[in-house]
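Residue-level structural notes
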Amino acid sequence: MDIEKVLGEYGDYLLRVAYLYVKDENIAEDIVQDVMMKFYQNQRQFKGQSSLKTYLVKMTVNRSHDYLRSWKSKGLVLVEKLRGISAKRSPEQQMIKNEDNQVLVKAMFSMTLIYREVLILYYFEELSTVEIAGLLSCPEATIRTRLQRGRRQLKQRLQDENREVMYDVWNEG
């Protein structure tokens with residue numbers, strides 16, 4: 001399998017996944033590079049039981065977990081900044097949206113990893129609970145419970161920030 005083709009097809013996606021875990025672009029790039037090197041060296045281990053994308057995402061999630069457990073991640077102060085300015089918004093609207101996004105990101109990153117990761121994989125990566133259960137090697141019922149608890153925690157954190165709740169993430173219906 002041509003590694004350049006794989007990197008071109010999945011590299012940006014894997015970078016976003018890693019970034020959502022480690023909250024640092026340089027570290028996320030290192031993680032994706034490690035994943036690609038390991039995949040290249042051990043391509044024969046991929047049996048095709050899932051899609052290549054799912055396989056690489058699982059490797060990225062596992063490597064991100066490894067990093068978060070490592071001594072390197074302890075004590076680092078990570079600053080988060082969301083990008084993307086919409087031409088359809090006025091500067092005032094964009095400023096409010098950026099502020100709201102920063103509050104959401106801050107609230108999400110203050111959550112424990114088990115809740116943050118299922119929210120990220122479910123809402124931002126748009127994976128099903130079955131796919132998430134496969135990625136994280138735990139029962140689907142556990143994923144559904146973590147989603148429910150994560151939504152509640154996120155809602156509480158946003159309310160604690162005294163923000164008008166603009167996100168439907170915690171809607172349980």
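Residues numbered from 1 in each chain as written. Predicted model: local features only at pLDDT ≥ 70, side-chain atom pairs only at ≥ 80, totals over all residues. Heavy atoms only, no water.

In low-pLDDT segments, the atomic positions of the prediction should not be examined closely. Considering every residue of the chain, the mean pLDDT works out to 76; 74% of them sit at 70 or more. For the chain, the element scoring lowest by mean pLDDT is helix 4 (residues 91-109), at 65; helix 2 (residues 25-41) scores highest, at 90. Below pLDDT 50 for its whole length, residues 73-88 participates in 24 contacts with residues either more than four positions away or in separate chains. Of the regions scoring below 50 in pLDDT, residues 164-173 engages in 19 contacts with residues more than four places distant in sequence or in other chains. (pLDDT = per-residue confidence, 0-100. Helix = DSSP H or I, 4+ residues; strand = E, 2+ residues; numbered from the N terminus. Contact = heavy atoms within 4.5 Å.)

Turning our eyes to something else, we now look at the nonpolar core. The nonpolar side chains of a soluble globular protein tend to be buried with one another. Of all hydrophobic cores here, the largest spans 43 residues; its most connected members are L56, L136 and L154. Of all the secondary-structure elements, those providing two or more residues to this core are helix 1 (3-22), helix 2, helix 3 (52-69), helix 4, helix 5 (113-124), helix 6 (129-136) and helix 7 (140-160). Top element by residues in this core is helix 1. It accounts for nine residues. Once residues within four sequence positions are removed from consideration, L56 is found in contact with V6, Y10, L14, V35, M36 and F39. (Core = buried A, V, L, I, M, F, W, Y, C linked by side-chain atoms within 4.5 Å. Buried < 20%, exposed > 50% of the residue type's maximum accessible area, 1.4 Å probe, protein only.)

Relative to the helices and strands, E131 resides in helix 6. Residue classification places E131 among the partly exposed positions, given a relative accessible area of 38%. C-alpha separation for the pair E131 and S50, spaced 81 residues apart in sequence, amounts to 10.0 Å. A polar side-chain atom of E131 sits 2.8 Å from the main-chain amide nitrogen of S128. (Polar contact = N/O pair within 3.5 Å; in protein donor to acceptor, adjacent residues only side chain to side chain.)

What follows deals with unusual backbone geometry. Among all residues except glycine, the phi angle is most often negative; among peptide bonds, the trans geometry is most common. A positive phi angle is found at K23, which is not glycine, with a value near 65°. Tracing the backbone shows K23 in the loop between helix 1 and helix 2. On the basis of relative accessible area, K23 is assigned to the buried category, the value being 17%. Of note in this structure, S137 is not a glycine but carries a positive phi near 55°.

Turning to its location among the elements, T129 is positioned in helix 6. Its relative accessible area of 13% is what places T129 among the buried residues. Excluding anything up to four places from it in sequence, T129 contacts Y122, E140, I143, R144 and L147.

A few words on helix 2. Residues spaced three or four apart along an α-helix face the same direction, because each turn holds 3.6 residues. In this model, helix 2 (17 residues) spans 24 Å end to end at C-alpha, consistent with the 24 Å of a helix rising 1.5 Å per residue. Listed as buried for helix 2 are I27, A28, I31, V32, V35, M36 and F39. Contact partners of the buried residues in helix 2: helix 1 and helix 3. Where helix 2 starts, the residue carrying a side-chain oxygen 3.0 Å from the main-chain nitrogen of N26 turns out to be D24. (Expected span 1.5 Å × (residues − 1).)

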